[in-house]
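Breakdown of the fold
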Protein chains: 2
Amino acid sequence: MHPRIGLPVVGMVGGGQLARMTHQAAIGLGQSLRVLAASPDDAAALVARDVMIGAHTSYDDLETFAKACDVVTFDHEHVPPEHLRRLTAAGHTVLPGAGALLHAQDKQVMRARLGELGLPVPRWAPVASAGDVERFAAGGGRAGDRARWPVVVKAVRGGYDGRGVWVVSSAAEARPLLASGVPLLVEEWVPLRRELAALAARSPFGQGAAWPVVETVQRDGICVEVLAPAPGLPAAVAERAEQIALTVARELDVVGVLAVELFERTDGELLVNELAMRPHNSGHWTVEGARTSQFEQHLRAVLDYPLGATGMTAPAVAMANVLAERADGPGLDERLHHLTARWPALKVHLYGKQPRPGRKIGHVTALGGADIAALRRDATAAAAYLATGVSAEVRHR
Amino acid sequence: MHPRIGLPVVGMVGGGQLARMTHQAAIGLGQSLRVLAASPDDAAALVARDVMIGAHTSYDDLETFAKACDVVTFDHEHVPPEHLRRLTAAGHTVLPGAGALLHAQDKQVMRARLGELGLPVPRWAPVASAGDVERFAAGGGRAGDRARWPVVVKAVRGGYDGRGVWVVSSAAEARPLLASGVPLLVEEWVPLRRELAALAARSPFGQGAAWPVVETVQRDGICVEVLAPAPGLPAAVAERAEQIALTVARELDVVGVLAVELFERTDGELLVNELAMRPHNSGHWTVEGARTSQFEQHLRAVLDYPLGATGMTAPAVAMANVLAERADGPGLDERLHHLTARWPALKVHLYGKQPRPGRKIGHVTALGGADIAALRRDATAAAAYLATGVSAEVRHR
């Protein structure tokens with residue numbers, strides 16, 4: 001309990017942009033987020049008052065951090081599961097709990113559990129050799145399946161933003177991956193219409209709340225755009241996606257925000273791809289686009305407050321990530337000048353990072369009427385300008 | 001220039017809730033607000049990373065603070081004007097400038113200047129004795145005026161939230177005020193329909209932007225509710241109010257947010273009451289209710305960024321201040337639980353203060369369709385519950 005303000009202290013392990021934006025939301029609730037950051041230059045460490053510098057892989061650091069918190073939560077999935085269990089055993093409140101979080105840390109555990117729950121997942125199997133991959137592609141996963149390449153090999157743990165995922169077309173391609181000794185699984189390659197995300201939150205009390213289902217646009221395995229609500233999604237499919245998210249949250253005893261990344265197959269069926277149990281890139285649009293943002297909702301959930309309303313504040317929202325491409329040319333300050341001059345109604349979120357090529361340094365959100373194409377055009381053009389310092393018109397000429 | 005993120009550093013003198021909410025907005029712009037706070041328990045000092053503890057009345061503290069800022073701005077008007085001039089002379093960028101800010105510090109300077117500009121102000125005069133007050137009431141202010149009590153005696157400097165304002169009905173009542181030696185002026189008592197506020201912002205480049213005009217509901221001289229847009233205000237009067245704000249901003253060379261508090265007389269005429277050159281209680285509704293909040297806009301202005309769009313995000317918004325009444329009974333944490341259960345779509349802003357009676361500890365905002373009466377009911381009931389820990393139904397039974 002914070003001695004000065006009489007409110008519980010929430011601590012977040014990880015000092016990235018998710019913690020940064022969670023602190024921003026915490027301020028409104030009378031909170032001041034406590035952050036365990038790896039470096040004082042981390043996105044959240046630049047803006048939060050109560051920052052401890054330490055390693056999320058060190059149990060001692062985690063325990064020191066937890067001692068000054070009423071509840072500990074996370075901006076990533078990288079805390080070792082044994083540390084989570086030990087923190088809990090030591091009497092600290094850890095939310096989501098170790099048992100739930102394991103499903104966002106270990107794809108094999110997650111796939112097996114969702115299968116038990118009867119939820120739709122791609123056909124998959126654990127693999128230990130290139131021969132296993134070949135047998136899977138040849139239809140060994142389930143009786144009656146035809147041999148089919150490519151297949152998708154995934155690291156069981158630690159994959160993120162396209163890392164740890166390989167599309168392979170032969171056993172020969174799979175062999176070097178297997179040789180690495182990293183635990184892997186193999187999945188069918190799913191013919192996609194597009195990717196969707198169903199975002200929900202759940203409190204310890206058991207209250208659940210889902211936001212409208214969104215489309216996530218990927219490039220090289222990284223989310224570059226989010227469209228809310230998912231354009232043209234039949235109501236029954238949207239309802240099904242929300243129910244999947246709420247079911248996963250309930251059955252896995254998730255507390256906090258849960259993001260369920262989904263494949264929409266070309267035949268219209270949904271399959272669960274990944275889970276995240278924290279605020280998620282697919283929910284950044286909620287900061288302005290929903291009555292309660294995913295960051296506020298995550299706090300409400302881990303505080304066991306009643307959850308906030310999840311309705312949209314505008315008919316359509318487009319969010320584009322800013323993936324820095326060029327550090328030369330105009331600096332970030334000058335880029336922001338030009339962006340705000342051209343798009344006075346766009347909402348910009350910068351994470352306090354230098355625009356070094358390849359870094360996710362921010363996002364922009366466009367809100368408006370039902371013309372999602374216009375919103376996408378504005379959001380992506382603005383994001384590209386922040387990323388490069390060169391306007392799209394000039395680049396494309 | 002911040003060495004790590006390549007963006008200029010904005011410093012705000014004063015660590016109250018306005019600085020707290022400005023820091024919250026700063027995070028989105030890639031900033032981390034530097035704050036000069038009187039105490040580590042100040043509302044902004046609890047949540048900002050870069051806090052200096054010092055006195056806004058000490059030139060040495062101000063200069064030490066300014067040395068690590070690219071631009072210095074304010075969450076109140078209490079920095080002595082001579083310190084502001086000296087900071088500027090020493091090469092620091094101070095926005096709004098000393099010359100502009102003086103009009104928010106000194107009511108006599110403000111009244112005289114607005115009169116010169118032909119802007120509507122109450123009839124007024126400087127006073128040095130109870131006799132001056134009596135002559136003013138007797139019509140000495142302008143030829144042709146009739147004697148009229150009561151009149152309003154105001155401290156030229158330092159009034160705030162109803163302090164420094166006295167309605168007097170006779171020279172005898174005015175005498176003890178004059179005896180205090182505080183510089184005073186006298187004004188006509190204006191027959192009010194209600195109070196309005198016109199909020200605008202201006203950048204050094206000269207760009208101006210106004211938000212919709214609001215009604216401010218006062219109790220004991222303190223703003224308790226704000227209704228946006230002002231219900232039933234004729235379009236021509238709203239336009240006139242916005243033009244007054246933009247004119248004041250331009251003519252006084254204001255940079256940042258300017259709040260113009262207005263009297264709407266029973267005959268429909270507008271008169272300027274007070275000026276503030278900073279984010280203002282009458283603009284708290286803009287956090288969720290306008291595309292660009294007053295806090296973000298103030299930052300954009302003092303950074304000389306182009307200003308953001310000021311349109312509303314909902315047809316109507318009601319904001320209610322939380323003025324703590326009781327510290328006994330349920331604590332703030334428990335009050336927040338109950339509030340969020342009952343009003344899941346309300347937006348709560350707590351300032352990190354203990355709910356000691358009389359303190360402004362937060363505000364709540366209700367957004368919705370055009371039924372402003374329903375929004376007011378929700379906002380005021382929720383604010384009263386946070387203030388007292390007792391629901392209105394129980395209190396009124």
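On a predicted model such as this, the values are computed, not experimentally measured, just so you know.

1. Re the overall build of chain A
On a plain count of helices and strands, chain A comes out with 13 helices and 17 strands. Relative to a compact globule of 397 residues, whose C-alpha radius of gyration would be 21 Å, chain A shows 21 Å and is just as compact. In terms of principal-axis extent, the alpha carbons of chain A reach across some 60 × 60 × 40 Å. Out of the 397 residues belonging to chain A, those deemed buried represent 54%. Partitioning the contacts of chain A with sequence separation of at least 6, the portion at a separation of at least 24 is 62%.

2. Description of the interface of chain A and chain B
Between chain A and chain B, the residue contacts involve 39 residues of the former and 39 residues of the latter. Residue assignment for the side of chain A that touches chain B shows that the elements contributing at least two residues are helix 1 (17–28), helix 11 (332–342) and strand 16 (347–350) of chain A. The biggest single contributor to the side of chain A that touches chain B is helix 11 of chain A, with six residues. When grouped by side-chain class, the residues that make up the side of chain A that touches chain B number 19 nonpolar, 13 polar and seven charged.

3. Regarding the sheet that holds strand 4 (residues 71–74) of chain B
All names here are of chain B. Pairing is parallel in the open sheet, where four strands are placed in the order 3-2-1-4. Every other strand in the sheet has two partners, leaving strand 3 (50–53) and strand 4 as the edge strands with one partner each. Pairwise comparison of adjacent strand axes, ignoring direction, gives a mean angle of 25° for this sheet. Across four bridges, the pairing between strand 2 (residues 34–37) and strand 3 is parallel. The partner of L36 across the bridge, within strand 3, is M52.

4. Considering the relation of the copies chain A and chain B
One copy of the chain maps onto the second through a rotation around an axis plus a translation along that axis. In the superposition of chain A on chain B (RMSD 0.1 Å, axial shift 0.0 Å), the rotation amounts to 180°. Here the symmetry operator amounts to a two-fold rotation axis. Of every C-alpha in chain A, the one belonging to R49 of chain A sits nearest the axis of rotation, 2.3 Å from it. A symmetric contact is evident, with 100% of the interface residues of chain A recurring at the interface of chain B.

5. Brief notes about the sheet that holds strand 6 (residues 151–155) of chain B
All names here are of chain B. Across the sheet, four strands lie side by side as 5-8-6-7; this open sheet has antiparallel pairing. Only two strands of the sheet have a single neighbouring strand rather than two, namely strand 5 (124–127) and strand 7 (165–168). Across the sheet, the axes of successive neighbouring strands diverge by a mean angle of 25°, strand direction being ignored. In terms of strand pairing, strand 6 meets strand 8 (residues 184–188) through five bridges, oriented antiparallel.

6. Looking at the pairing of strand 4 (residues 71–74) of chain A
Residue and element names in this part refer to chain A. Of the two faces of strand 4, the one holding V71 and T73 and the one holding V72 and F74 are both buried throughout. Of the strand pairs in this sheet, strand 1 (residues 10–13) and strand 4 are connected by four bridges, and their pairing is parallel. Directly across from V13, in strand 4, lies its bridge partner F74.

7. Description of the packing of helix 1 of chain A against helix 1 (residues 17–28) of chain B
Where helix 1 of chain A contacts helix 1 of chain B, the two axes come as close as 9 Å, and the packing angle between them is 155°. When the axes of helix 1 of chain A and helix 1 of chain B are compared, the pair comes out roughly antiparallel. Judged by the twist between their axes, the crossing of helix 1 of chain A over helix 1 of chain B is left-handed. Between helix 1 of chain A and helix 1 of chain B, the contacting residues are R20, Q24 and I27 of chain A on the first element and R20, Q24 and I27 of chain B on the second.

8. So, unusual backbone geometry
Omega for the peptide link from W149 of chain A to P150 of chain A comes to -5°, which places this bond in the cis form. Secondary-structure assignment places P150 of chain A in the loop between helix 6 (130–140) and strand 6 (151–155). Residue P96 of chain B follows L95 of chain B across a cis peptide bond; omega there is 0°. Position of P96 of chain B relative to the elements: it lies in the loop between helix 3 (81–89) and helix 4 (98–105). Unusually for a residue other than glycine, D304 of chain A sits at a positive phi of about 55°. Relative to the elements of secondary structure, D304 of chain A occurs in the loop between helix 10 (294–302) and strand 15 (316–323). In this structure D304 of chain A comes out as partly exposed when scored by C-beta crowding, with 16 C-beta atoms within 10 Å.

9. A few points about the nonpolar core
Residues A198, A245 and L258 of chain A together with A198, A245 and L258 of chain B are the most contacted members of the largest nonpolar core, which totals 234 residues. Per-element tally for this core: the top contributor is helix 12 (residues 372–388) of chain A, with 10 residues. In this view, L258 of chain A contacts A200, A201, R202, A245, V248, A249, L275 and M277 of chain A; residues no more than four positions away in its chain are not counted.

10. Digging into the environment of L258 of chain B
Summarising the element assignment, L258 of chain B is placed in strand 13 (residues 256–265). Taking the C-alpha atoms as reference points, L258 of chain B and A201 of chain B, 57 residues apart in sequence, are found 5.7 Å from one another.

11. Quick word on helix 10 (residues 294–302) of chain B
Residue and element names in this part refer to chain B. Most of helix 10 is tucked away: nine of the nine residues are buried. Turning to helix 10, its buried residues are Q294, F295, E296, Q297, H298, L299, R300, A301 and V302. Just downstream of helix 10 lies D304, where phi reads positive at about 55°.

12. Digging into the pairing of strand 16 of chain A
All names here are of chain A. Burial along strand 16 is two-sided: K347 and H349 and V348 and L350, pointing in opposite directions, are all buried. As judged from the four bridges shared by strand 16 and strand 17 (residues 360–368), these two strands associate in the antiparallel manner. In the strand pairing of strand 17, K347 is matched with T365.

13. Quick look at the confidence of the model for chain A
Mean pLDDT over chain A stands at 93; residues scoring 70 or higher make up 94%. Predicted complex, confidence summary: ipTM 0.95, pTM 0.95.

Cut-off values and rules
Residues numbered from 1 in each chain as written. Chains lettered and ligands numbered in written order. Predicted model: local features only at pLDDT ≥ 70, side-chain atom pairs only at ≥ 80, totals over all residues. Helix = DSSP H or I, 4+ residues; strand = E, 2+ residues; numbered from the N terminus. Rg over C-alpha atoms; globule rule 2.2 N^0.38 Å. Buried ≥ 20, exposed ≤ 12 C-beta atoms within 10 Å, placed from the backbone. Contact = placed C-beta atoms within 7 Å. Nonpolar A, V, L, I, M, F, W, Y, C, P; charged D, E, K, R; others polar. Pairing = 2+ DSSP bridges. Axes fitted to C-alpha atoms, helices over the stretch in contact; angles between N-to-C directions. Least-squares fit on C-alpha atoms with pLDDT ≥ 70 in both. Parallel < 35°, antiparallel > 145°, perpendicular 65-115°, else oblique. Left-handed = near helix turned anticlockwise from the far one by under 90°. Core = buried A, V, L, I, M, F, W, Y, C linked by C-beta atoms within 7 Å. pLDDT = per-residue confidence, 0-100.

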